Amino acid sequence: MDSISEKHIENSKFQIILILLLVSLTFLLAIFAMGSGSSSNLDMLTTLKIILGLENSNDLQSAIIWELRFPRILMAIVGGAALATAGALMQGCLGNPLVSPLTLGVASGAALGAAFAIVLGFSIVSNSEIAIVANAFLFSLIVVGIIIQLGNMRSISAESYILVGIAITFIAGAIVSTMQYFATDAQLSQLAHWSFGSLSRPTLIQTLWISVALIGLMPSAMKWSWDLNALSLGGDDFAISTGVDPSTTRKRILILSAFLTSVVIAFTGLIGFVGLAAPHMSRLIVGNDYRKLIPCSAVFGSLLTLFADTLGRTLFAPIIIPVGIMLSIIGGPFFMYLLLKNRGVNS
Amino acid sequence: MSKILEIKDLNFSWGNNHVLRDINVNISPNELVAVLGVNGAGKSTLLKCINRILKSDSGSINLLEEDVNGLSLIDLSKKVSYVPQSVRTSFSMDVFDVVLLGRRPHISWRISEEDRDKVSSTLRSLGLEDFSFRKFDQLSGGERQRVIIAKAIAQDSSLLLMDEPTSDLDLKNQLEIMKSLRKIISNKDAEKSALIAIHDINIAARFADRILLLHNGKIFASGTPREVLTKDNIAEVFSVDAEIIDNAVFWPGGSDSLRVIVKDEITSK
């Protein structure tokens, strides 16, 4: 084999090792997170022994581990991966490093749905326990529907998608603000809490279903990695010259990204920063080849979200700071440091 | 093989602006054809219609005797590769990976050893081996242009479409790239052809087998460089007064021995 080809293989192997190291780090952090918390009768060692089956647990310990911590940690891993993947996909297919899963207005749609349930008491389901989730999911799907309709217009450009997303965000924001204006203090408080983003809302069963859905969608994202490489490197004309139909590819990828986002955000509330930061942090590790960038973004998204949530619930325990806030507080400066150190998101 | 490309009565317009009118072009295997014309003459538009980046209003474009509109984009990109005037990159990649995108039409997902070696040999043939693992966006304009040409060559298609491939290159690199292209096109075993939109008349005169001179959206003249690059044609199309020197001394070893010296613009006729 040619020496240049050998070097290319070596580089790829090194990048895959880095991704596997991130996976290991996430796994270790997950174990640490399982043993961390404010419960006085459940220290790290006891938790590990219970998980490994070396010690019998009482009902309270079992409930804390399997009904509180495990769904939360699983949601951090799966939700972080989904939002980071959605961010990486959207940045690539729209050729814009400023894009995040919130850009297309999916999250604003979810917020509008949540506001309808909280302030107006209007929901598509009668069960009050899942009224907010159901509304948030439905309204975010309406935004996905708008994206699909846009995609059916052959002349729609990447910039047009972004501008329509910004318009949807403003419209939904204005309606939510109007409802807030007339809302009671209790409703305002509930709406504010929803917007902070929290991993404690989904139940174990819901988290497992979300995991299955998101894991099922990941192979589709990987399948389009070559197309994303062509689109993100050189734009539409360049993509066509390598056999990629930019309109169809962009539409499919945006629908997938919007769906990934809406599934997570409907259950957790607004968690935005990870979808912007994790793909760029991953670009610094594995470059812009989407065959490696997608898995790396997913793992980095999990790691970042899990780290932020674990810190948020242990730093000032028993007070829990919502993950959406923690992600921005710790992720923002770290993100800026990495970018400034490497002088640009593309390097 | 009879024809690589056959264009019949091609028309294209942007609204009321008729950019291409009744274009007829045939390109045989091992032919390097240059398209000349002023800015806005329709050179880039012609290449984009062939590559289906733009959809023509009427007429037919057959590639290896198949209608390009009947081909999937993947199949089309196996037959034709395209070098745009410039590539605006949002997310940069290693040069190797950029050239590897030329193999994308031949790859399902996994990269074969053959694909990697094709990329390596193309990089070496264009003198880009030292750039293989540098970032594309950290290269100069000329180096980027060579990388995109390498990507098109690695695509291993029958027809190369190139839109001003030497515009950003220095004199030495212009000659090196054109010589490499000439060598690829002249290889009788490969039966490849090229259609190159270019502004440099002398590069076209030296390396092209035939020249298409576009003027006001139509083919004004077509033939060998000696037939097309006449004083009158150049005056009519480019509005410049040129001296044509037909002397092999200027281009020893070249495929044609014509040289055009532009003397001055023609202000009134």
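Residues numbered from 1 in each chain as written. Chains lettered and ligands numbered in written order. Predicted model: local features only at pLDDT ≥ 70, side-chain atom pairs only at ≥ 80, totals over all residues.

J.: Help me understand the overall build of chain B, please; the structure alone is not making it clear to me.
T.: Counting its secondary structure elements, chain B contains nine helices and twelve strands. Taken against the 2.2 N^0.38 rule, which gives 18 Å for 269 residues, the C-alpha radius of gyration of chain B at 19 Å falls within 12% of a compact globule. Here the C-alpha coordinates of chain B stretch approximately 60 × 40 × 40 Å along the principal axes. Relative to its full complement of 269 residues, chain B shows a buried share of 45%. Long-range pairs, those at least 24 residues apart, make up 66% of the contacts in chain B between residues at least 6 apart in sequence. (Helix = DSSP H or I, 4+ residues; strand = E, 2+ residues; numbered from the N terminus. Rg over C-alpha atoms; globule rule 2.2 N^0.38 Å. Buried ≥ 20, exposed ≤ 12 C-beta atoms within 10 Å, placed from the backbone. Contact = placed C-beta atoms within 7 Å.)

J.: Explanation requested: the overall build of chain A in the structure shown.
T.: Along chain A, the regular secondary structure elements total 13 helices and zero strands. A compact globule built from 347 residues would reach a C-alpha radius of gyration of about 20 Å, and chain A, at 21 Å, matches this within 12%. Seen through its principal axes, chain A has C-alpha atoms that stretch 60 × 55 × 35 Å. A sequence separation of at least 24 residues applies to 75% of the contacts in chain A between residues at least 6 apart.

J.: Hey, could you run me through the environment of Thr-305 of chain A in this one?
T.: Residues and elements named next belong to chain A. Tracing the sequence through the fold places Thr-305 in helix H12 (residues 290-314). The class of Thr-305 is buried, set by 35 C-beta atoms lying within 10 Å. Counting along the chain gives 252 residues from Thr-305 to Gly-53, while the straight-line C-alpha distance between them is 27 Å. Each residue touching Thr-305, except ones within four places of it in the same chain, is listed here: Ala-76, Gly-79, Gly-80, Val-274, Val-323 and Leu-327.

J.: Could you clarify how one ought to interpret the interface of chain A and chain B in this entry?
T.: It is common to give the size of an interface as the accessible area lost on bringing the parts into contact. Facing 31 residues of chain A, the contacting portion of chain B comprises 35 residues. If you list the elements that add at least two residues to the side of chain A that touches chain B, you get helix H1 (3-35) and helix H9 (225-241) of chain A. Here the element with the most residues in the side of chain A that touches chain B is H9 of chain A; it accounts for eleven residues. Residues of the side of chain A that touches chain B, tallied by class, amount to nine nonpolar, 17 polar and five charged. (Nonpolar A, V, L, I, M, F, W, Y, C, P; charged D, E, K, R; others polar.)

J.: Sorry if this is basic, but what is going on with the sheet that holds strand S4 (residues 58-63) of chain B here?
T.: What links the strands of a sheet is backbone hydrogen bonding, and the strands pair in either a parallel or an antiparallel sense. All names here are of chain B. Strand order across the open sheet formed by four strands is S2-S1-S4-S5, with antiparallel pairing between neighbours. Each edge of the open sheet is held by one strand with a lone partner, namely strand S2 (17-27) and strand S5 (66-67). Sheet analysis places strand S1 (residues 5-14) next to S4, joined by five bridges and oriented antiparallel. If you follow Asn-11 over to S4, its bridge partner there is Ser-58. (Pairing = 2+ DSSP bridges.)

J.: Which parts of the structure should I look at to understand the sheet that holds strand S9 (residues 210-215) of chain B?
T.: All names here are of chain B. Taken together, six strands build an open sheet; the order of strands is S6-S7-S8-S3-S9-S10 and the sheet is mixed. What marks the edges here is a single partner per strand, and that holds for strand S6 (80-83) and strand S10 (218-223). Each strand axis lies, on average, 15° off the axis of its neighbour in the sheet, ignoring direction. In this structure, S6 lies alongside strand S7 (residues 159-163), joined through four bridges in parallel fashion. Looking at the pairing, Val-80 lines up with Leu-159 of S7. Each of S6 and S7 touches helix H5 (residues 141-154); the most contacted strand, S6, lies at about 175° to it. (Axes fitted to C-alpha atoms, helices over the stretch in contact; angles between N-to-C directions.)

J.: Would you mind showing me how to read helix H4 (residues 106-120) of chain A here?
T.: Residues separated by three or four positions in an α-helix point in the same direction, a consequence of the helix having 3.6 residues per turn. Residue and element names in this part refer to chain A. The terminal C-alpha atoms of H4, which comprises 15 residues, lie 21 Å apart, in line with the 21 Å expected from a rise of 1.5 Å per residue. In terms of residue burial, H4 counts as a mostly covered element, since 14 of its 15 residues are buried. Trailing H4 by a residue or two, Gly-121 shows a phi angle of about 70°, which is positive. (Expected span 1.5 Å × (residues − 1).)

J.: Is there a simple way to explain the pairing of S1 of chain B in this structure?
T.: Two faces, one strand: in a regular strand the side chains alternate between the faces of the sheet. All names here are of chain B. Relative to S2, S1 runs antiparallel, the two being bridged by seven bridges. Within S2, the residue paired with Leu-10 across the bridge is Ile-23. Turn length for the S1-S2 hairpin, with the two strands adjacent in sequence and antiparallel, is two residues, and the turn residue Gly-15 shows positive phi of about 60°.

J.: Which parts of the structure should I look at to understand helix H10 (residues 246-268) of chain A?
T.: Residues and elements named next belong to chain A. Here H10 is 23 residues long and its end C-alpha atoms lie 32 Å apart, about the 33 Å a rise of 1.5 Å per residue gives. Taken across its 23 residues, H10 has 19 buried, putting it largely inside the fold. With its phi angle positive at about 85°, Gly-269 sits one or two positions after the end of H10.

J.: Would you take a moment to explain the confidence of the model for chain B for this structure?
T.: Note that predicted coordinates carrying low pLDDT should not be read in detail. Per-residue pLDDT for chain B has a mean of 88; in total, 95% of the residues score no lower than 70. As scored by the predictor, the complex reaches a pTM of 0.87 and an ipTM of 0.87. (pLDDT = per-residue confidence, 0-100.)

J.: What exactly am I supposed to notice about the confidence of the model for chain A here?
T.: Averaged over chain A, the pLDDT score is 85; the fraction of residues at 70 or greater is 96%. Mean pLDDT per element in chain A: helix H13 (residues 323-342) of chain A is the minimum at 79, and H12 of chain A is the maximum at 93.

J.: How should I be thinking about the packing of H4 of chain A against helix H7 (residues 185-196) of chain A in this particular structure?
T.: Axis angle and axis distance: for two packed helices, these are the angle between their axes and the distance between the axes, and together they describe the pair. All names here are of chain A. Contact geometry of H4 with H7 gives a least axis separation of 10 Å together with a crossing angle of 155°. The angle between the axes of H4 and H7 places the two elements in the roughly antiparallel class. Where H4 crosses over H7, the handedness of that crossing is right-handed. Where H4 approaches H7, its residues Ala-111, Ala-114, Ala-115, Ile-118 and Val-119 are matched on the opposing element by Gln-187, Gln-190, Leu-191, Trp-194 and Ser-195. Its residues assigned to classes, the contact of H4 with H7 comprises seven nonpolar, three polar and no charged. (Parallel < 35°, antiparallel > 145°, perpendicular 65-115°, else oblique. Left-handed = near helix turned anticlockwise from the far one by under 90°.)

J.: Honestly, unusual backbone geometry in this entry has me stumped. Any pointers?
T.: Excluding glycine, a negative phi dihedral is what most residues carry, and trans is how most peptide bonds are arranged. Residues and elements named next belong to chain B. Of note, Asn-30 is a non-glycine position whose phi angle comes to about 65°, a positive value. By the C-beta count within 10 Å, which is 19 here, Asn-30 ends up partly exposed. In this model, Asp-156 sits at a positive phi of 60°, which is unusual for a non-glycine residue. Tracing the chain through its elements places Asp-156 in the loop between H5 and S7.

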